[in-house]
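A structural walkthrough
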Amino acid sequence: MADEMPSDLDIDAAAGDAPLLELTGLDVRFDTPDGEIHAVRGIDLALNPGETLAVVGESGSGKSQTMMAAMGLLARNGRVAGSVRYRGREILGLPSRALDEIRGARIAMIFQEPMTSLDPLYTIGSQLAEPLARHKRLGARAARERAVELLALVGIPDPERRLRAYPHELSGGQRQRVMIAMALAAEPDVLIADEPTTALDVTVQAQIIELLRSLQRRFRMGIVFITHDLGLARHFADRVAVMRYGQVVEEGPASQVLSRPAHDYTRMLLASEPSGTKAPPPEDAPVVLEAQGLDVTFHIGGGWLAGPPLEIHAVDRVSLTLKRGQTIGIVGESGSGKSTLGRALIRLIDGKGDIRLFGRPVGELDAAGLRALRRQVQIVFQDPYGSLSPRMTVGEIVSEGLRVHEPELDARSRERQVIAALEDVTLDPALRNRYPHEFSGGQRQRIAIARALILKPRVLVLDEPTSALDRSVQKGIVELLRRLQREHGLSYLFISHDLSVVRALSDWIMVMRRGQLVEAGPTEDVYEAPAAAYTRELIAAAYGLSDREQAGRR
Amino acid sequence: MIRYVLRRLLTAIPTLFLIVTLSFFLLRVAPGGPFSQERGLSPEVKANLERVYQLDAPLWRQYLNYLADLLHGNFGPSYNLPDFTVADLFRVGLPVSVQLGASALILALVLGSVLGIVAALRQNRAGDYAVVALATAGSTIPTFVIAPLYQLVFALTLAWVPVAGWGGGAFINKIGPVLTLALPQIAIVARLMRGAMIEALRANHIRTARALGLGGWSVVVRHALRGALLPIISYAGPAAAALLTGSVVVETVFAIPGVGRYFVDAALNRDYTLVMGTVVVIAVFVIVFNLIVDLLYALVDPRVRYD
């Protein structure tokens, strides 16, 4: 009964053979204090019923802003020109009241950030009921019943009970399912998915893509799939449009564009998928870092009259041996304990177990001894935006470690070392008096690496150093890390959820899940013949979606 | 939840004890005493007075006596207003101050919020600039300027309202004091609300609501406003405690028989018991309103849990 709703719009009748959604000469500009930004430069795109169109491109290519503009969701300083037709009817420039008859009802959109795209203050049920009440005119009871059906449809177990849950009580994957349920509430025939799986773990990503596919078949929806992941686009899309600098540089059937690209930029994008392998260090290479039965437990909450604290076993008796010149890749999904392991190894977090650095037990060291050892072991963090102080110049950031470890150094020789370190990571040393916000993500990550390198460490812990970067930028960082390892004889602990980068960089791999080591071994052995079921699942999720041909090419 | 409230109330006891102890001794460190200012008081009379009020006993003795009295709900006599006990003074004055303070608080929260929301929705347009200008004026012009101006214009020139006095709590007598109390608060609440709403409207889930075609009302009120309430609530708690316990300036200018004047007068006159009584009353208000703020937080934001 919930499905029977007379359409008060006459668009269905006018449909004919027109594309579901047609953008013509769409142009988006933003007025900013630094002048005008021309984000989208007159692009044409069309989506047919039942079709999946992938819009791919790197950050800043304008792929998201194109769709935000089509939906009337641009920021206040955005201006849009051109035409957006839904089933032949112009919707660009409609007053918001008229637009709200189409947004959410005919064209729905889901977003990248499942953590923040739902209102944290309302229950799932209450948020699901809103579009149902708005577009389907359902009463409270009917909306509730329909909400249960929708949650079941998107594969949320025990939907009756889940209606009363708040977003923070759900996992990322579940929130994205709820988001999809909300988008589908009014049975739209266009779904715009803006990087819907980017923030999710690979196994969850595979499930969400499967879900979108089956829903598409069921409702004959057209899907616009915005992504930076070419593997995902090839796997999921019928047609692909490649965007760069606000323009479509190439468009065509997915199989053609992604295997026989006509445009240089597409070729460059394809070539920046991580490739290559790492040879293991010589047998007799000295051991630099060794851990036996490392164990980390977190205590959460507790206190006076509040009962015992909650215990979380983040790392459960994990051992490893890192040799000179070796790269150990630590992979696992969020919450697997891989970052905690990395931090515990260099004593940023206290854990139990035996850690030996260059043969010396770390546990027996006092503060001064620990500081001396720290110099040899540096860490680079994932977030190139958050991990550099915005109030310090690049020169100050890079030289800060020297001030601690070599306080006797005078300003001139410190300056010399800063210049050398910046040159080492191929950044122009003339930029050292600028502030981090003036640099791109990839440049910032180079600054972070320079900050670690200036102390001439022997071990680098790299905690997802490439995860926030575009593939082409990532490629540069991967090559930089390879070169630095060769030149300085560095050992890496490379922590990542990205299996293809880990494969390209490391010669030994450790797979973690729920704090425990699932499997470890030489990288190629593990990738070719994973022993543990979980590793198989992980690889299937990553490579099943990602490039099959590429796997064949290797 | 009940366990949490109980725990909070239990932890309030040592807090209060600390405040009482500290104020008691700090007050005695100040030179002079309740009877040292009165001229022509012969030493015998002064000694007599001090004996009556047990001010001749050793300090620790006086402290323990005061604590014992306090535990029995006895705030002691006022030294400078000898016909009244401290409790009497509060019984008469507190309702007056609370009435004025509560009216000002409600006015500030409602009007300030509305202005703030309007400004946020019209960000960087005329309406926004008007609100921001008003807010700046409201929080920079001192009460002791606004109150006499009000009297000059509306009471003396236009003769619409009485100049001062409580008038047994007549509505027309309350307008001036309430407005004077509320004005700076309106300004602060409007500014807070404007910032909170602008922040809230930028959230990703607001974009979701817009993309779902939920429209203005749902977006602004249901999703943005509820989130924007949190900073207002945390400001309103301490502000309520301050407003409800009276204002020296407003009560003096408008000759209001509230408790706001007691604190300053009593401190100047070394009216020990009255100062202590005021400290205890204000401390209780602050503790209670902070608790209320935390409970409201949990009500508005389901992520906040106390157990």
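In this text, all values refer to a predicted model and were calculated from it rather than measured experimentally.

The rules behind the values
Residues numbered from 1 in each chain as written. Chains lettered and ligands numbered in written order. Predicted model: local features only at pLDDT ≥ 70, side-chain atom pairs only at ≥ 80, totals over all residues. Heavy atoms only, no water. Helix = DSSP H or I, 4+ residues; strand = E, 2+ residues; numbered from the N terminus. Buried < 20%, exposed > 50% of the residue type's maximum accessible area, 1.4 Å probe, protein only. Contact = heavy atoms within 4.5 Å. Areas by Shrake-Rupley, 256 points an atom, 1.4 Å probe, with all protein chains shown as cover. Lys, Arg positive; Asp, Glu negative; His and termini not counted. Charge placed at Lys NZ, Arg CZ, Asp CG, Glu CD. Rg over C-alpha atoms; globule rule 2.2 N^0.38 Å. UniProt positions renumbered as here; feature names shortened; annotations may be inferred. Buried area = accessible area lost by both parts, 1.4 Å probe. Salt bridge = Lys/Arg side-chain N within 4 Å of Asp/Glu carboxyl O. Polar contact = N/O pair within 3.5 Å; in protein donor to acceptor, adjacent residues only side chain to side chain. Pairing = 2+ DSSP bridges. pLDDT = per-residue confidence, 0-100. Expected span 1.5 Å × (residues − 1).

Section: the overall build of chain B
A tally of helices and strands in chain B yields 12 helices and 0 strands. Secondary structure of chain B in N-to-C order comes out as α-α-α-α-α-α-α-α-α-α-α-α. Its C-alpha atoms give chain B principal-axis dimensions of roughly 85 × 60 × 30 Å. Taken over 307 residues, chain B has a buried fraction of 45%. For chain B, the proportion of contacts with a sequence separation of at least 24, taken over those separated by at least 6, is 74%. Surface accessibility of chain B: about 15,400 Å² in total, with carbon and sulfur atoms responsible for 69%. With 23 positive and 15 negative side-chain charges, chain B shows a separation of 16 Å between the mean positions of the two kinds.

Some remarks on the overall build of chain A
Tallying secondary structure elements over chain A gives 21 helices and 20 strands in all. In terms of overall size, chain A behaves like a compact globule, its C-alpha atoms giving a radius of gyration of 26 Å where 554 residues would be expected to give roughly 24 Å. Along the first, second and third principal axes, the C-alpha atoms of chain A reach 80 × 55 × 50 Å. Counting across all 554 residues of chain A, residues that qualify as buried make up 54%. Here the analysis covers contacts within chain A between residues at least 6 apart in sequence; of these, 71% occur between residues at least 24 apart. Accessible area for chain A stands at about 24,000 Å²; split by element, carbon and sulfur atoms hold 49% of it. Of note, chain A has its 68 positive side-chain charges centred 2 Å away from the centre of its 73 negative side-chain charges.

Thoughts on the UniProt feature "domain: ABC transporter" (unreviewed entry) in chain A
Mapped onto the present numbering, the UniProt feature "domain: ABC transporter" (unreviewed entry) falls at residues 23-270 and 291-539 of chain A. End-to-end, the C-alpha atoms of residues 23-270 of chain A are 26 Å apart, and along that stretch the chain is 38% helix and 27% strand.

Things to note about the interface of chain A and chain B
On the side of chain B, 28 residues touch chain A, which itself brings 33 residues to the contact. In total, chain A and chain B occlude about 2,700 Å² of area from one another, counting both sides; carbon and sulfur atoms represent 57% of this. Close ionic contact of Glu113 of chain A with Arg207 of chain B constitutes a salt bridge, the shortest N to O distance being 2.9 Å. For the interface between chain A and chain B, the tally reads 15 residue pairs in polar contact (both at pLDDT 80 or more). Breaking the side of chain A that touches chain B down by element, the ones donating at least two residues are β6 (107-110), α4 (124-136) and α7 (172-184) of chain A. Per-element tally for the side of chain A that touches chain B: the top contributor is α4 of chain A, with 6 residues.

Quick notes on the sheet that holds strand β12 (residues 310-323) of chain A
Residue and element names in this part refer to chain A. Strand order in the open sheet formed by 4 strands is β12-β11-β14-β15, with antiparallel pairing between adjacent strands. Every other strand in the sheet has two partners, leaving β12 and β15 (360-361) as the edge strands with one partner each. Of the pairings in the sheet, the one linking strand β14 (residues 352-357) to β15 comprises 2 bridges and is antiparallel in character. Looking across to β15, one finds that Leu357 is bridged to Arg360.

Regarding the UniProt feature "transmembrane region" (unreviewed entry) in chain B
Residue and element names in this part refer to chain B. In the numbering adopted here, UniProt assigns the feature "transmembrane region" (unreviewed entry) to residues 100-122, 129-150, 170-190, 239-260 and 272-300. For residues 170-190, the helix share is 95%, the strand share is 0%, and the end-to-end C-alpha distance is 29 Å. Here residues 239-260 runs as 59% helix and 0% strand, with 15 Å between its end C-alpha atoms.

Things to note about the environment of Leu212 of chain B
Note on placement: Leu212 of chain B falls in the loop between α8 (204-211) and α9 (215-244). It is 48 Å that separates the C-alpha atoms of Leu212 of chain B and Phe171 of chain B, two residues lying 41 residues apart in sequence. Ignoring sequence-local partners within four residues, the contact set of Leu212 of chain B consists of Arg103, Gly104, Pro131, His135, Met182 and Ala183 of chain A.

Observations regarding the confidence of the model for chain B
With 98% of its residues at a pLDDT of 70 or more, chain B has an overall mean of 89. If you check the scores for this complex, the pTM reads 0.80 and the ipTM reads 0.79.

Thoughts on the UniProt feature "domain: ABC transmembrane type-1" (unreviewed entry) in chain B
Using the residue numbers shown here, the UniProt feature "domain: ABC transmembrane type-1" (unreviewed entry) corresponds to residues 94-297 of chain B. Taken end to end, residues 94-297 of chain B is 83% helix and 0% strand, and its first and last C-alpha atoms sit 28 Å apart.

Comments concerning the environment of Leu115 of chain B
Residues and elements named next belong to chain B. Relative to the elements of secondary structure, Leu115 occurs in helix α4 (residues 86-121). On the basis of relative accessibility, which here comes to 22%, the residue Leu115 falls in the partly exposed class. Considering only alpha carbons, one finds Leu115 and Val131, 16 residues apart in sequence, at a separation of 6.4 Å. Apart from the residues within four sequence positions on either side, Leu115 is in contact with Val131, Leu134, Ile186 and Ala190.

Structural notes on α4 of chain A
With 13 residues, α4 of chain A ought to run about 18 Å at 1.5 Å a step, and its terminal C-alpha atoms sit 18 Å apart, in line with that. Buried within α4 of chain A we find Ile124, Gly125, Gln127, Leu128, Glu130, Pro131, Leu132, Arg134, His135 and Lys136 of chain A. Tucked into the core, α4 of chain A has its buried residues touching α3 (96-99), α5 (140-153), α6 (159-162) and α7 of chain A together with α9 of chain B. Directly beyond the C-terminal end of α4 of chain A, a positive phi value near 50° is found at Arg137 of chain A.

Section: the confidence of the model for chain A
Residues and elements named next belong to chain A. Looking at chain A, the pLDDT average stands at 86 and 94% of residues meet or exceed 70. The low-confidence segment residues 1-15, where pLDDT is below 50, has 24 contacts with residues more than four positions distant or belonging to other chains. Across residues 546-554, confidence stays below pLDDT 50; counting only partners more than four residues off in sequence or on other chains, it has 13 contacts.

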